[in-house]
Amino acid sequence: MKSCDMVIVVPVDKHTGNDEVLRLQAWGEVSELLRPGLGKLYRQFNPSGSAWERKYPRPFGVVLGWQEPEVFRELLKAGEEAQHEAVVFHLEAMLRKADLGSAQKIGDTQVYSAVVDGSDPELLAHGVWHILMQKGTPVPDCGIYYAALHRASATEEEQREVIDHADEYAACMVVLSQGVKESA
């Protein structure tokens, strides 16, 4: 069974209550966000006390930005790095599999087209991953997802806004399990 770490950034500025209640509300938002992909994109999802081999044991895997701004920023950075690696991985895999022999020049730009018709399952899977990322779907190895933006990617300005207002957000560490559970 393969699993992927993800950090989901959720706004908590409208929530009220003590730390435990805020964490529970943040995890509730994450659960609602991930539920549509359950059984389709991943087998299960759980809160996690670690992300990318860094341990942050917190209730429900939630780091409150106002409470731990350094850990919050560390998680965002790790999520962005993981996302960059995933984008490179899926793009390189697509380029290896795609037949880019049909090029045409449009203005000063060289354009290559590729047919993704399902005849190559690996090419299809990598192509679908990119499409889902663009649609704003939290896919298993997207690294980070900004719930308030409804997408995995954020501009530098949007990232800066989240970091500058860490007190309004929580970073939720999640592990997504894929495939069929292997018996011991």
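These lines cover the structure that appears in this document, whether it is placed above or below. The structure displayed is predicted, hence computed values, not measured ones. In every chain, residue numbers begin from 1 and rise along the written sequence. In keeping with the predicted nature of the model, local features appear solely for residues at pLDDT of at least 70, side-chain atom pairs appear and are counted solely at 80 or more, and the whole-chain, interface and lining totals rest on all residues. The basis for every side-chain value is the complete set of non-hydrogen atoms in the structure, without hydrogens or water.

Below, the discussion takes up the overall build of the protein chain. Numbering of helices and strands runs from the N terminus; a helix is a DSSP stretch of H or I covering at least four residues, while a strand is a stretch of E covering at least two. Looking only at helices and strands, the protein chain features four helices and nine strands. Along its sequence from the N terminus, the protein chain presents helices and strands in the succession β-α-β-β-β-β-α-β-β-α-β-α-β. Its C-alpha atoms give the protein chain principal-axis dimensions of about 60 × 50 × 25 Å. When a residue's accessible area, from a 1.4 Å probe over protein chains only, is under 20% of the maximum for its type it is buried; when over 50% it is exposed; and in between it is partly exposed. Expressed as a percentage of the 184 residues in the protein chain, the buried residues total 37%. Note that accessible areas follow from Shrake-Rupley with a 1.4 Å probe, and for residues the cover is restricted to the protein chains shown. Element-wise, carbon and sulfur atoms account for 53% of the exposed surface of the protein chain, whose accessible area totals about 10600 Å².

All right, on to the environment of Pro36 then. Structurally, Pro36 is set in the loop between α1 (19-34) and β2 (44-47). Accessibility expressed as a relative area gives 52% for Pro36, which makes it exposed. With 102 residues separating them along the chain, Pro36 and Pro138 place their C-alpha atoms 9.9 Å apart.

As a further point, take the pattern of salt bridges. Note on definitions: salt bridges are taken to be side-chain nitrogens of Lys or Arg within 4 Å of carboxyl oxygens of Asp or Glu. Tallying each qualifying case throughout the model produces seven salt bridges. Glu32 is paired through a salt bridge with Arg35; the nearest N and O atoms lie 3.0 Å apart. Exposure remark for Arg35: the relative accessible area of 44% places this residue in the partly exposed category. With its nearest N and O atoms 2.6 Å apart, the salt bridge here joins Glu68 to Arg58. Of the two residues, Glu68 is situated in the loop between β5 (62-64) and α2 (69-97) and Arg58 in the loop between β4 (54-55) and β5; the sequence distance between them amounts to 10 residues.

This part takes up the pairing of strand β6 (residues 103-106). When DSSP finds at least two bridges between two strands, those strands are taken to pair. Relative to strand β7 (residues 109-112), β6 runs antiparallel, the two being bridged by four bridges. Looking across to β7, one finds that Ile106 is bridged to Thr109.

So, about the pairing of strand β9 (residues 169-178). Counting buried residues along β9, nine of its 10 residues qualify, which places the element largely inside the surrounding structure. Relative to β9, strand β1 (residues 2-11) runs antiparallel, the two being bridged by 10 bridges. Each residue of the ladder has a partner; that of Val9, found in β9, is Ala171. Alignment of β5 against β9, held across three bridges, turns out to be antiparallel. Residue pairing across strands places Val62 opposite Cys172, the latter belonging to β9.

This brings us to the nonpolar core. Core analysis: the largest hydrophobic core is formed by 26 residues, its most contacted members being Ile8, Val10, Val30, Leu34 and Val174. For this core, the element with the highest residue contribution is α1, accounting for five residues. In this structure, Val10 is in contact with Ala26, Glu29, Val30, Ala147, Glu168, Tyr169, Ala170 and Cys172, ignoring residues within four places of it in sequence. What we call a nonpolar core is a set of buried Ala, Val, Leu, Ile, Met, Phe, Trp, Tyr and Cys residues that are connected through their side-chain atoms within 4.5 Å. By size, the runner-up hydrophobic cluster in this structure holds 17 residues, among which are Tyr56, Val63, Val71 and Tyr146. Here a residue-residue contact requires only that any non-hydrogen atoms of the pair lie within 4.5 Å.

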